[in-house]
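Coordinate analysis (summary)
Now for the letters of each chain:
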Amino acid sequence: MNMSASHFKIALIGAGPASLTLAAILHRNNIPFTIFEAATSLRHQGGTLDLHPQTGQQALREAGLWDEFVKHARPEGDCKKLVDLETGEVFWDENTVNKETEDVKKSTEERLGSRPEIDREWLMKITYGALPEGSVRWGMKLHAVVPHPADSTKHDLHFADGSIDDGYDLVVGGDGAWSKVRNLLTDVKPQYSGISVIELWHNDLQSEPWLLNYVGAGSCFAFSEGRAIISQRQGDGTLRTYACLRVPETFIAECGIDWENKDTALEQFIDRHFGQVAPDLRRLVALCTDKLVPRALYELPIGFSYPHRAGVTLIGDAAHVMTPFAGVGVNVGMTDALVLAKEIVASWNGKKTLDEAMSGYDEELWPRAKKFMVKTAQGKERHFQVGGSRAMADMMKKLH
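Here goes a summary of the coordinates provided.

Conventions adopted
Residues numbered from 1 in each chain as written. Predicted model: local features only at pLDDT ≥ 70, side-chain atom pairs only at ≥ 80, totals over all residues. Heavy atoms only, no water. Phe/Tyr/Trp six-rings, centres within 6.5 Å; stacked < 30°, edge-to-face > 60°. Helix = DSSP H or I, 4+ residues; strand = E, 2+ residues; numbered from the N terminus. Buried < 20%, exposed > 50% of the residue type's maximum accessible area, 1.4 Å probe, protein only. Salt bridge = Lys/Arg side-chain N within 4 Å of Asp/Glu carboxyl O. Core = buried A, V, L, I, M, F, W, Y, C linked by side-chain atoms within 4.5 Å. Contact = heavy atoms within 4.5 Å. Pairing = 2+ DSSP bridges. Axes fitted to C-alpha atoms, helices over the stretch in contact; angles between N-to-C directions.

A word on the packing of aromatic side chains. Summed over the entire model, instances satisfying the criterion amount to 15 aromatic pairs. A centroid spacing of 5.1 Å and a plane angle of 40° characterise the contact between Phe-36 and Phe-159, whose relative ring orientation is tilted. Of this pair, Phe-36 sits in strand 2 (residues 34-36) while Phe-159 sits in strand 9 (residues 151-159), placing them 123 residues apart in sequence. Residue Phe-36 shares its accessibility class with Phe-159, and that shared class is buried.

Structure representation (structure tokens):
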């Protein structure tokens, strides 16, 4: 079957990393699309991301964005420090290796061959920057995807403002954890992961020499029973710290802390829940006073899938939202984009029908997503147990 471009109508819902990557690859293959995004501009929530060579990096290569990635990637950010949460003992510290001196001897490919960091903001900018003008419709909050009355293989988009855009041959839900597109495919919703996080910012790391030195060039981790601290440098000179607790889903609403008063809230949170951690780690958390965001973490059940439906599919968090405790989420989502784009291109070029292409994508997606959901669940279990930092350090030593 060979559908002409004029009859191949594609809607991408959501302008996150997976959707923007998919769009960039489609545009490089001269396949038109429209992205519908609820926000009025690019959303940069989320911190630094490490892109893996065979997944996130490969997707950017396919999008023709490798050179842009090289400009903004931070290989030096792939630097880990592991600290005992209670005693402050350092079990692993890659800051003791002079990576900058080592990197001078390496080619670009070698320096980026592991898992270099890139700020989410820059990843969004370079993928969005590759798209044709007008391909993203901002401020379009999806209400529902509805089968087209005259053709069940096509779908109409109903938006919160009452408008309707109809007759799409393919609707790709890249609209995150609480996907409206997913509602057409299944009743399954994300479940609470058992972990809540207080995200804390320090906006000028250079102004705090102790903090700069303590965290190091990349990320500092401290894991133990029911608690964790993760602190990550950003490319813009800021620091994001995540103070994590294993608590009931209602913790943020019912713990008695007024989160709107961030200075008092931070003081109370540390006193009540991190009072027994090592002094340096308490100091790290206490210095991150510029922004405070409490957040419960949700996840889809391991092995989640849905029955195939012609003309509708999911990518990114809409398909497999996970906690961040394996560091694979964005890479899995960008691989979704890579695999789905190849299937769409094959259909566009007449090598298979669109439904055959979507079936091929689904068949590849589910076992791959399950593998990383299992890995993430194992990471969550290891990190929030006694000796979590030491266990991760022992794993790092085996890899080196």
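Moving on, we come to the pattern of salt bridges. The full count for this structure, using the stated rule, is 17 salt bridges. Put simply, Glu-37 and Arg-43 hold a salt bridge, and the shortest N to O gap is 3.1 Å. A relative accessible area of 43% means that Arg-43 is categorised as partly exposed. Here Glu-364 makes a salt bridge to Arg-368, at a shortest N to O gap of 2.8 Å. With Glu-364 and Arg-368 both in helix 14 (residues 354-383), this residue pair falls 4 residues apart, about one helical turn. Bridged by salt links that share partners, the residues Lys-9, Arg-137 and Asp-165 form one connected network.

Counting 76 residues, the largest nonpolar core has Leu-22, Ile-35, Leu-157 and Ile-344 as the members making the most contacts within it. Apart from the residues within four sequence positions on either side, Ile-35 is in contact with Leu-12, Gly-14, Ala-15, Ser-19, Leu-20, Ala-23, Leu-131, Ser-135, Val-136 and Arg-137. One finds Ile-229, Ala-243, Ile-252 and Leu-266 within the second-largest nonpolar core, a separate group that totals 33 residues.

This part is about the sheet that holds strand 5 (residues 90-93). Spatially, 5-4-13-14-15-12-16 is the arrangement adopted by the 7 strands of the open sheet, whose pairing is mixed. If you trace the sheet from one side to the other, it starts and ends with strand 5 and strand 16 (291-299), each paired once. Mean inter-strand twist for the sheet, computed between neighbouring axes without regard to direction, equals 15°. Strand direction decides the pairing type here: strand 13 (residues 219-224) and strand 14 (residues 227-233), joined by 6 bridges, are antiparallel. Its bridge partner lying in strand 14, Ser-224 is registered against Arg-227.

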